[in-house]
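One-letter residues, chain by chain:
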Amino acid sequence: MTEYDTEFDIVVLGMGPGGEDVSGRLAEAGLSVAGVEAGLVGGECAYWACVPSKMMIRASGLLAEGRRISGMAGSADVRPDWTPVARRIRDEATDDWSDKVPAERFESKGGHLVRGHGRITGPREVTVGGRVLRARRGIVIATGTEPAIPPIEGLNGTPYWTNREAVAAEETPESLIVLGGGSVGSELAQVFSRFGTRVTLVEAADRLLPQEEPEAGRLLADVFTREGIAVRTGTKAERVAHDGEGFTLTLEGGETVRGTRLLVATGRRTDLTAIGTGTAGLDESAEFIEVDERMRAADGVWAVGDVTGRAAFTHVAVYQGRIAARDILGEGGPAADYRAVPRATFTDPEVASVGLSEQQARDEGLRVRVGLAAVDESARGWIHKAGNDGLVKLVEDAGRGVLVGATSAGPAGGEVLGALAVAVHNEVPTARLRHMMYAYPTFHRAIEDALETLE
């Protein structure tokens, strides 16, 4: 293939995790594939989200552990330095925001990378700049999402941060206002606070992590408050002012918050109009692209990743990419199953969950039993002592005697979730879970404690 080729078997619009996975699989299978990307191959996760943010979290976690030495193992003088963190993100995670390696990896599989903004301009047709690409078999839409910026008076035109500017920061600000207490806002608030930034976290909902169980949000707020983060929940931002030296955020009720920087972390949005989905027979005014269990959106059109609205996680995008690739290749295989979608927020404590929350289960009309155990009251939590905040919450469909949801918060909460995800996905009876052995003294043994409290 050359840069002048115009016909391919498949055109993949967007080369983030989902698009990169499906395009690579199809190219390896021998199809001619054009991957269209206006930004960096690898997408948000590799350069501004999952990977670099977890490097930041790892560094801030080391600081926290050092501060816990006193009274446990002697004494330590902990002095934060952002320089090695910024260097590691630039050198190890992002190659200074260059996608040379993943681009070459895709092309080594036989794929053809097309740089630029792609737009669907006809049936099985994508235009990039002045170049028209025609897809014999069809188009895969994997264009992801972008930050959703709320219409707050005075915000537009100010030098606010999104996660991109926060991750790329060469130094930490003296003070920071974080607007949004979901996963991104909570993770970054704790990171910067542990590096010496004075942080105020504002969330309009009545708790942090509003998509998670209420107990998890309250737990995290308690930890944040102890660490010196000013948490404001149940209050909306009404107005933003920037005077060249910093931001002033006015909350409903008149309270004002001042910060050198303002991080907006209020969710993500799609822009289906920008990619011309209407031309493919899809509703451009919709929030997301609706797909079936094989990732089909229309005749000759598949969609994977955040743009489908299923769950904005890299593992979901890659999972969907595999299903779409199998469908395009006619290989069959299992259809998409979202009963046990796992997710994790990498705060300290980590907050991870799978399946339905208690409220979601009740809303579905299930007869619900709930089990709850505190990690700090478990044997391992008691041993761990400093930094042992956590909980395990189980949601059982009492009619069938199986778990339909679970939350694991605490040290290694995301790892403990693995056992719970298997249980929810495979509908393991809670009676069987009660009678299995849990290694002593592990954090996952708190699952057994929670099972004993089901009521």
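Residues numbered from 1 in each chain as written. Predicted model: local features only at pLDDT ≥ 70, side-chain atom pairs only at ≥ 80, totals over all residues. Heavy atoms only, no water.

## Some thoughts on the environment of Arg90
As for its placement among the helices and strands, Arg90 is situated in helix 4 (residues 83-93). A relative accessible area of 24% places Arg90 in the partly exposed class. Measuring from C-alpha to C-alpha, the distance between Arg90 and Tyr47 comes to 9.2 Å, with 43 residues separating the pair along the chain. (Helix = DSSP H or I, 4+ residues; strand = E, 2+ residues; numbered from the N terminus. Buried < 20%, exposed > 50% of the residue type's maximum accessible area, 1.4 Å probe, protein only.)

## Regarding the nonpolar core
Core analysis: the biggest nonpolar cluster contains 45 residues, and Ile10, Leu26, Leu133, Val140, Ile141, Ile289 and Met295 have the highest contact counts within it. Residues in contact with Val140, not counting those within four places in the same chain, are Ile10, Val11, Val12, Leu13, Val22, Trp302, Val304 and Ile328. Counting residues in each nonpolar core, the second largest holds 36 residues, with Met55, Leu63, Ala93 and Val167 among its members. (Core = buried A, V, L, I, M, F, W, Y, C linked by side-chain atoms within 4.5 Å. Contact = heavy atoms within 4.5 Å.)

## Considering the pairing of strand 13 (residues 256-259)
The side-chain alternation of strand 13 yields one buried face, formed by Val257 and Gly259, and one unburied face, formed by Thr256 and Arg258. Pairing analysis gives 4 bridges linking strand 12 (residues 247-251) to strand 13, with the strands arranged antiparallel. Looking across to strand 13, one finds that Leu249 is bridged to Val257. The antiparallel pairing of strand 12 with strand 13 creates a hairpin that spans 4 residues between the two strands, and Gly253 there sits at a positive phi of about 100 degrees. (Pairing = 2+ DSSP bridges.)

## Structural notes on the sheet that holds strand 21 (residues 391-397)
Within the open sheet, the 5 strands sit side by side as 18-19-22-21-20. Their pairing is antiparallel. Either end of the sheet is taken by a strand with one partner, and the two such strands are strand 18 (342-345) and strand 20 (368-374). Adjacent strand axes in the sheet meet at a mean angle of 10 degrees when their direction is disregarded. Across 6 bridges, the pairing between strand 19 (residues 350-355) and strand 22 (residues 402-410) is antiparallel. Directly across from Ser353, in strand 22, lies its bridge partner Thr407. Helix 8 (residues 214-226) rests against strand 19, strand 20, strand 21 and strand 22 of the sheet, and its axis sits at about 170 degrees to strand 21. (Axes fitted to C-alpha atoms, helices over the stretch in contact; angles between N-to-C directions.)

## Thoughts on the side chain of Thr127
In this structure, Thr127 sits in strand 5 (residues 125-128). The residues touching Thr127, leaving out its near neighbours within four places in the chain, are His117, Gly118, Arg119, Thr121 and Val132.

## Concerning helix 12 (residues 413-425)
Its 13 residues place the ends of helix 12 18 Å apart at the C-alpha level, agreeing with the 18 Å of an ideal helix rising 1.5 Å per residue. If you look at helix 12, its biggest bend is around 30 degrees, right at Ala419. Taken together, the buried residues of helix 12 touch strand 18, strand 19, strand 21, strand 22, helix 13 (430-434) and helix 14 (446-451). Downstream of helix 12 by one or two residues, Glu427 has phi in the positive range, about 50 degrees. (Expected span 1.5 Å × (residues − 1). Bend = angle between axes of the 7 residues up to and from the residue.)

It is worth stressing that arrangement in space is one thing and function is another; only the former is reported here.
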